[in-house]
Amino acid sequence: MSTSVLSLRAARRGVHRRQRLLVAALVALVVGLFLVRALLGDYRISFVDGIRMVTGTTIPGASFIFLESTLPRACMAVLAGAAFASAGAAYQSMLRNPLASPDVLGINLGASAAAVFAVVLLGWTGTPVAVVAFLGAVAVAATIHGFAGRGGAATGRMILVGVGLAAVLSSVVHWVLLRADIYRAQDALVWLTGSLGSVTWSEISRLAVVVAVGLPLLAVVTRQLGVLGLGDDLAAGLGVRAGRLRLLITALVVLLTASATAVCGPVAFVGFLSGPIARRLARGRTSIPAAALVGAAMVLAADWVSAYAVPGTAYPVGVVTGLAGAPVLVWLLVAGRRSIQESS
């Protein structure tokens, strides 16, 4: 066996080892933040008492706060963060553009616009609004994919159509809010910023099933995206049907994004930033599991900050991720420019 083959295998083993270490470190971070969010709130709960309450023991006062407030919010933060982040990383990798996340291309905004329309103009509440939000995201994604067409320019057309739809939907949301009274506008706020304040265990269970199915499938499918960089014709020669692969990834992205948005609204910047952060941690490689863990950590930390940073005031989690996302985006741009200058 030649020396070059041995060195290539050694390099691959080194890459896989670094990826495993990165995922392990991110898992430890998510577990730590989960425990902080679930146990360290207005009412401090010990880890032992938390285990006792989960297994059925009732502690007066603490059980209600833990089982109906802090624990479900921590669970939803992990699920929603993983869903938004994995979908964003996959879409950015498929379209080969860091700006091409579902929130930028209007998929999240499609869910928001549909939900705001249902709440403000139709007076709906509860499950029907969540269903309408899901269908709104599906409609936007179908429109983007339908107008993209086929061929090598499909990804560019998808970005252009998505950005255009996002602008139109933003105008629709503003028009609907102008027609709303103050109470309906307050009800519609969650569909504009994202909030974990009213999640239920049934919603958590449904989203957990979606994430458990969709995230592993997305991680497996995105491994073929490197072939698309060679062009659709060459990819077809290698046995990869580019159009079908894009459609499958888009379907999984919509499933994860729409399901999370239908429960807690759009959480700003999670899908947009998790992929680039994970790629920098993985030294330029796209890793859906790493991106999902980064997203879960972001939402967990942001939800704790939104609830307890200002005493006596609780903000929607989307407000905190939006405020924190702008500096992180600037940092990513500056770091990316430095790396380009150093490589040149």
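No experiment lies behind these values; they were computed from the predicted model shown.

Undergrad: In this structure, what is going on with the overall build of the chain? I would like to understand it.
TA: Tallying secondary structure elements over the chain gives 15 helices and 0 strands in all. In the chain, which comprises 344 residues, the proportion classed as buried is 44%. In the chain, the share of contacts with a sequence separation of at least 24, taken over all contacts with a separation of at least 6, comes to 76%. As displayed, the chain offers around 17,000 Å² of accessible surface, 66% of which is attributable to carbon and sulfur atoms.

Undergrad: So what exactly am I meant to see when it comes to unusual backbone geometry here?
TA: Residues other than glycine predominantly adopt negative phi, and peptide bonds predominantly adopt the trans conformation. Of note, Arg96 is a non-glycine position whose phi angle comes to about 55°, a positive value. Within the secondary structure layout, Arg96 lies in the loop between helix H3 (62-95) and helix H4 (107-120). Positive phi, close to 75°, is recorded for Phe269, a residue that is not glycine. Among the structural elements, Phe269 can be located in the loop between helix H12 (242-264) and helix H13 (270-281).

Undergrad: Please clarify how helix H9 (residues 201-221) should be interpreted in this entry.
TA: The α-helix advances 3.6 residues per turn, and as a result positions three or four apart in sequence lie on the same side. With 21 residues, H9 extends 30 Å from end C-alpha to end C-alpha; this agrees with the ideal 30 Å at 1.5 Å per step. Looking only at H9, the buried set comprises Glu203, Ile204, Leu207, Val210, Val211, Gly214, Leu215, Leu218, Ala219 and Val221.

Undergrad: Where do I start with the nonpolar core in this structure?
TA: Core analysis: the biggest nonpolar cluster contains 92 residues, and Tyr91, Leu95, Ile107 and Ile249 have the highest contact counts within it. Among the elements that line this core, the one with the most residues is H3, at 19 residues. Not counting the four nearest positions on each side in its chain, Tyr91 is found in contact with Ala100, Ser101, Pro102, Leu105, Ile107, Ile144, Met158, Thr250 and Val253.

Undergrad: What am I meant to see in the pattern of salt bridges here?
TA: On inspection of all chains with the given rule, the structure shows 3 salt bridges. A salt bridge links Arg52 to Asp49; its shortest N-O distance comes to 3.1 Å. On the criterion of helical spacing, the pair formed by Arg52 and Asp49 is a turn pair, its members being 3 residues apart in helix H2 (residues 47-54). Exposure remark for Arg52: the relative accessible area of 38% places this residue in the partly exposed category. Salt-bridge contacts for Asp303 lead to Arg73; the nearest nitrogen and oxygen are separated by 2.6 Å. On the criterion of sequence distance, the pair formed by Asp303 in helix H14 (residues 288-308) and Arg73 in helix H3 is long-range, its members being 230 residues apart. Just as Asp303 is buried, Arg73 falls in that class too.

Undergrad: What's the story with the packing of aromatic side chains in this structure? I'm lost.
TA: Two aromatic rings, taken as a pair, are described by how far apart their centres are and by the angle between their planes. Enumeration according to the criterion identifies 2 aromatic pairs in this entry. Ring centres of Phe269 and Phe272 lie 6.0 Å apart, and the angle between their planes is 45°; this geometry places the pair in the tilted category. Ring centres 5.6 Å apart and planes at 55° place the aromatic pair Trp304 and Tyr308 in the tilted group. Pair noted here: Trp304 and Tyr308 are both in helix H14, with a separation of 4 residues, about one helical turn.

Undergrad: Can you walk me through the packing of H13 against H14 in this structure?
TA: Running from N to C, H13 and H14 cross one another at 125°; their axes reach a closest spacing of 8 Å. Comparing their axes, H14 and H13 come out oblique. Two packed elements cross with a definite hand, and for H13 against H14 that hand is right-handed. Counting all contacts with H13, which are made through Val270, Ser274, Gly275, Ile277, Ala278 and Leu281, the residues of H14 involved are Ala290, Ala291, Val294, Gly295, Met298 and Val299. Counted by class, the contact of H13 with H14 contains 9 nonpolar, 3 polar and no charged residues.

Undergrad: Mind showing me how you'd approach the side chain of Ser101 here?
TA: Mapping Ser101 onto the fold places it in the loop between H3 and H4. Using a relative accessible area of 0% as the deciding quantity, one classes Ser101 as buried. In terms of polar contacts, Ser101 uses its side chain to reach the side chain of Asp103, at 2.3 Å. Those residues in contact with Ser101, other than ones at most four positions away along the chain, are Gly88, Tyr91, Gln92, Gly271 and Phe272.

Undergrad: What is the right way to look at the packing of H3 against H14 in this model?
TA: When two helices pack together, you describe them by how their axes are tilted relative to each other and by the distance separating the axes. Here H3 crosses H14 at 140°, and the two axes come no closer than 7 Å. Taken as axis vectors, H3 and H14 run oblique relative to one another. At the point where H3 passes H14, the crossing takes the right-handed sense. Along the contact surface, H3 presents Thr70, Arg73, Ala74, Ala77, Val78, Gly81, Ala82, Ala85, Ser86, Ala89 and Ala90, while H14 presents Ile288, Ala291, Ala292, Gly295, Ala296, Val299, Leu300, Asp303, Ser306 and Tyr308. Partitioning the contact of H3 with H14 into residue classes produces 14 nonpolar, 5 polar and 2 charged.

The rules behind these values
Residues numbered from 1 in each chain as written. Predicted model: local features only at pLDDT ≥ 70, side-chain atom pairs only at ≥ 80, totals over all residues. Heavy atoms only, no water. Helix = DSSP H or I, 4+ residues; strand = E, 2+ residues; numbered from the N terminus. Buried < 20%, exposed > 50% of the residue type's maximum accessible area, 1.4 Å probe, protein only. Contact = heavy atoms within 4.5 Å. Areas by Shrake-Rupley, 256 points an atom, 1.4 Å probe, with all protein chains shown as cover. Expected span 1.5 Å × (residues − 1). Core = buried A, V, L, I, M, F, W, Y, C linked by side-chain atoms within 4.5 Å. Salt bridge = Lys/Arg side-chain N within 4 Å of Asp/Glu carboxyl O. Phe/Tyr/Trp six-rings, centres within 6.5 Å; stacked < 30°, edge-to-face > 60°. Axes fitted to C-alpha atoms, helices over the stretch in contact; angles between N-to-C directions. Parallel < 35°, antiparallel > 145°, perpendicular 65-115°, else oblique. Left-handed = near helix turned anticlockwise from the far one by under 90°. Nonpolar A, V, L, I, M, F, W, Y, C, P; charged D, E, K, R; others polar. Polar contact = N/O pair within 3.5 Å; in protein donor to acceptor, adjacent residues only side chain to side chain.

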